[in-house]
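So the chains spell out like this:
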Amino acid sequence: MDLAPGAVCAMRDLSQSPADHGMQVSLFQLRFLGSVVKQRAPARIRDGSLVWKGTTYEKPCAIGSGGKVLRFGKPKLSRPRNVTECHGKEIEISPMIDTGAGRLIFEDVPHLTDWLPTLEMHPNPLKHNPAYSAVKQYFVEDDDVVARNIVIKLSNPWEGIYFRRSGPRDKIYFDPSEVRACIVTCGGLCPGLNTVIREIVCSLWTQYGVQDILGIVGGYRGFYARNTIRLDPKIVNDIHKRGGTILGTSRGGHDTLKIVSSIADRRINQVYIIGGDGTQKGANAIYEELRRNGVKVAVAGIPKTIDNDIDVIDKSFGFDTAVEEAQRAINAAHTEAESVDNGVGVVKLMGRYSGYIAMYATLASRDVDCCLIPEVPFYVEGEGGLYEFVQNRLRENGHVVIVVAEGAGQELMEQSMKWFGGGIDASGNRLLLDVGLWLCQNLKDLFTRRKEVINIKYIDPTYMVRAIPSNAADNVYCTLLAHSAVHGAMAGYSGFTVGPVNARHAYIPINRVTERQRRVNTSDRMWARLLSSTNQPSFLQYEKSMEAQRKKAAKPSESSDPNLKVIQNL
Ligand SMILES: Nc1ncnc2c1ncn2[C@@H]1O[C@H](COP(=O)(O)OP(=O)(O)OP(=O)(O)O)[C@@H](O)[C@H]1O
Ligand SMILES: O=P(O)(O)OC[C@H]1O[C@](O)(CO)[C@@H](O)[C@@H]1O
Ligand SMILES: [Mg+2]
């Protein structure tokens, strides 16, 4: 990659003034055409310029809140060796501060003053709010941070990544009477969406006195294809008791330029975007475009995902509700299975790429014999396979309960049915084959061929699990997320996502949570707990089994999977 002339580097310093000489920085985020590449390499700030790999970057100006942001211009000397392509995109540098004992990396979020240095500040009206004025130390200090890892080495206590702590600030960068906020929900449903909408409206209205709040109808495309609705505390008063989203949602339809021009046309200056990984990528694109335009619009992301696949934050809202609801399906499957001879209950739960709901529902239930998730490939026939396991459990207990996440076994099904490329949805997400149905049919066939009796009951509660209102714990959690987002936007932050990191709410750069999808770590203690509680097979012979499957499928005499018709008819 070649560093294009004019590339810009932004650096935030947690504790030192910009004039500091020789400060060590060593975490670089290079952004190339929308994707972020991290560089962990030592660099120094010397005489106000950045020196990295023998190249010095000039500092044309020092700007920012409290003099804490430095910008560096084009390289003074030669180009750095290991950067070959940049296309004039930004380079962001987070400082790694050497505390002597360890290295502290501060991954800060952007602030409106990064590109509008002369923005006017206002006192936070919460100061005079009777409910909040009694709180001691109500305002969050500028240097309050939240640690990514809280299990530390005594020898290196400060080492690690830190995020900005969320919460109300003493000074805000919006005059409440000039705020026009909007809220949009995108992607699939999730318990708690309405609670987040309600609490954004109530926080803006009652805590800050903002009375101009719009709901964007029908997801991202609603910005340019639909009318908006007005929101106030009365309208949202009891929406938290309902599942879904009062604003409606959609997949696809993200057009950054159209959305940004609709934001400008409608004179919106705060955008609250609730949605999953795809939505957050869209939110980041909107933030970047607004920043490029140099306008005063704050973009706050509120992460939503029933699959719990958003990285960095502890867990996503609605997840606990979903796990609780899944218990009801598992209980039903268990009751059905144990009431008949050789009963097998199969429950399919959501989880496109991450099997968290299946894993937690299994751990909570204790009635589950086997949990199949996308992260652990499984096979049915042969030694150590699912068929053998089900046979043994039926002999031992007379019944079996299997929980399967919807994204599990996709490769196996494609192989067995010689069917590849099932298509994508409007957002580009892969459409999945129905693993639950396929599994039931496969087990039924295997047992029938061996003249053994089996009684399978298939329960597919996927949409029931996510279309319900959030439970009490999720309602409180949604409230904190919503308030956190409002405090952040009012304080002038933008391009951030909110969420708890080790139970403390933080502001996290949006692109940090979309860098990778969180998936169940199968070498972690939680998965080990599950394995020890179910005693299910570890499917270690997966590759061998797939090879056998491929050979079988390659034989011209053998027709493809008999279950294909069933699945195709779905
Ligand atoms: N890479 C991307 N850049 C910009 N917009 C995107 C991107 N990926 C998805 N989007 C937009 O975000 C919205 C939601 O995306 P998607 O359907 O993938 O759901 P999601 O937010 O990931 O939620 P979930 O998967 O939890 O249901 C869609 O309108 C889609 O067009
Ligand atoms: O049918 P829809 O609405 O596209 O949603 C299904 C998907 O949404 C999710 O709930 C979230 O991504 C997945 O688990 C599931 O595959
Ligand atoms: Mg998604």
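What you are looking at is a predicted structure, and each value in this text was computed from that prediction instead of being measured.

### Some words on the side chain of Thr-279
Line of reasoning, step 1. Examined against the element boundaries, Thr-279 turns out to sit in helix H5 (residues 277–292).
Line of reasoning, step 2. Under the relative-accessibility criterion, Thr-279 is labelled buried at 6%.
Line of reasoning, step 3. With sequence-adjacent residues up to four places away left out, Thr-279 is seen in contact with Cys-186, Gly-187, Tyr-220, Ile-273 and Ile-274.

### Quick notes on the site of ligand 2
Line of reasoning, step 1. As a structural note, the neighbourhood of ligand 2 is formed by Arg-251, Ile-306, Asp-307, Met-350, Gly-351, Arg-352, Glu-406, Tyr-463 and Arg-466.
Line of reasoning, step 2. Here Arg-251 contributes a side-chain N or O atom positioned 2.9 Å from an oxygen atom of ligand 2.
Line of reasoning, step 3. Protein chains shield 76% of the accessible area of ligand 2, which is 400 Å² for the free molecule.
Line of reasoning, step 4. When each cavity is represented as a set of grid points, ligand 2 is found to reside in the largest pocket.

### As for the pattern of salt bridges
Line of reasoning, step 1. Tallying each qualifying case throughout the model produces 20 salt bridges.
Line of reasoning, step 2. With its nearest N and O atoms 2.8 Å apart, the salt bridge here joins Asp-170 to Lys-127. Placement of Asp-170 in the loop between strand S13 (160–165) and strand S14 (171–172) and of Lys-127 in the loop between strand S11 (122–123) and helix H1 (130–133) is noted, with a sequence separation of 43 residues between them.
Line of reasoning, step 3. Lys-127 sits in the partly exposed class, given a relative accessible area of 36%.
Line of reasoning, step 4. Each of Asp-108, Asp-142 and Arg-164 takes part in salt bridges that share partners, so that together they form one network.

### Regarding the confidence of the model for the protein
Line of reasoning, step 1. Model confidence for the protein is summarised by a mean pLDDT of 83, while 78% of its residues fall at 70 or above.
Line of reasoning, step 2. Every residue in residues 58–93 scores below 50 in pLDDT, and together they form 137 contacts with partners more than four places removed in sequence or on other chains.
Line of reasoning, step 3. Below pLDDT 50 for its whole length, residues 557–570 participates in 27 contacts with residues either more than four positions away or in separate chains.

### Concerning the site of ligand 1
Line of reasoning, step 1. Among the 17 residues in the neighbourhood of ligand 1, the closest are listed as Gly-188, Gly-252, Asp-277, Thr-279 and Ser-427.
Line of reasoning, step 2. Between an oxygen atom of ligand 1 and a main-chain N or O atom of His-254, the distance comes to 3.5 Å.
Line of reasoning, step 3. With respect to ligand 1, the side chain of Asn-429 contributes an N or O atom lying 3.0 Å from an oxygen atom.
Line of reasoning, step 4. Burial of ligand 1 by the surrounding chains reaches 81%, relative to a free accessible area of 620 Å².
Line of reasoning, step 5. It is H5 that provides the largest number of residues to the shell around ligand 1, a total of 5 residues.
Line of reasoning, step 6. Residue classes in the shell around ligand 1 are distributed as 1 nonpolar, 12 polar and 4 charged.

### Some remarks on helix H12 (residues 472–490)
Line of reasoning, step 1. Taking 1.5 Å as the rise per residue, H12 with 19 residues should run 27 Å; its terminal C-alpha atoms sit 27 Å apart, in good agreement.
Line of reasoning, step 2. A distance of 3.2 Å separates the backbone nitrogen of Ala-473 from a side-chain oxygen at the start of H12, and that oxygen is part of Asn-471.
Line of reasoning, step 3. Remark: Gly-492 follows H12 within two positions and exhibits a positive phi of approximately 95°.

### Re the sheet that holds strand S22 (residues 399–405)
Line of reasoning, step 1. Judged by pairing direction, the sheet is parallel, and its 4 strands sit side by side in the order S21-S22-S20-S23 without closing on themselves. For this open sheet the edge positions go to strand S21 (370–372) and strand S23 (455–459), each flanked by a neighbour on one side alone. On average, adjacent strands in this sheet sit at an angle of 15° to one another, irrespective of strand direction.
Line of reasoning, step 2. Pairing between strand S20 (residues 343–349) and S22: 7 bridges, direction parallel. Considered in S22, the bridge of Gly-343 is made with His-399.
Line of reasoning, step 3. Each of S20, S21 and S22 is contacted by helix H8 (residues 386–397), which is oriented at about 145° to S22, the strand it contacts most.

### Considering the nonpolar core
Line of reasoning, step 1. Counting 138 residues, the largest nonpolar core has Tyr-272 and Ile-402 as the members making the most contacts within it.
Line of reasoning, step 2. Ignoring sequence-local partners within four residues, the contact set of Ile-402 consists of Val-344, Gly-345, Val-346, Val-347, Cys-370, Leu-372, Leu-386, Val-390, Leu-439 and Leu-443.

### Things to note about the environment of Glu-141
Line of reasoning, step 1. Along the polypeptide, Glu-141 turns up in the loop between H1 and strand S12 (145–147).
Line of reasoning, step 2. Overall, Glu-141 belongs to the partly exposed group, its relative accessible area being 40%.
Line of reasoning, step 3. In the structure, Glu-141 is positioned 259 residues away from Val-400 in sequence and 55 Å away in space, judged by C-alpha atoms.

The rules behind these values
Residues numbered from 1 in each chain as written. Chains lettered and ligands numbered in written order. Predicted model: local features only at pLDDT ≥ 70, side-chain atom pairs only at ≥ 80, totals over all residues. Heavy atoms only, no water. Helix = DSSP H or I, 4+ residues; strand = E, 2+ residues; numbered from the N terminus. Buried < 20%, exposed > 50% of the residue type's maximum accessible area, 1.4 Å probe, protein only. Contact = heavy atoms within 4.5 Å. Near = heavy atom within 4 Å. Polar contact = N/O pair within 3.5 Å; in protein donor to acceptor, adjacent residues only side chain to side chain. Areas by Shrake-Rupley, 256 points an atom, 1.4 Å probe, with all protein chains shown as cover. 1 Å grid on protein atoms, 1.4 Å probe; cavity = no way out; pocket = protein on both sides within 12 Å on 5 of 7 lines; lining within 4 Å. Sits in = over half its atoms within 2 Å of the grid points. Salt bridge = Lys/Arg side-chain N within 4 Å of Asp/Glu carboxyl O. pLDDT = per-residue confidence, 0-100. Nonpolar A, V, L, I, M, F, W, Y, C, P; charged D, E, K, R; others polar. Expected span 1.5 Å × (residues − 1). Pairing = 2+ DSSP bridges. Axes fitted to C-alpha atoms, helices over the stretch in contact; angles between N-to-C directions. Core = buried A, V, L, I, M, F, W, Y, C linked by side-chain atoms within 4.5 Å.

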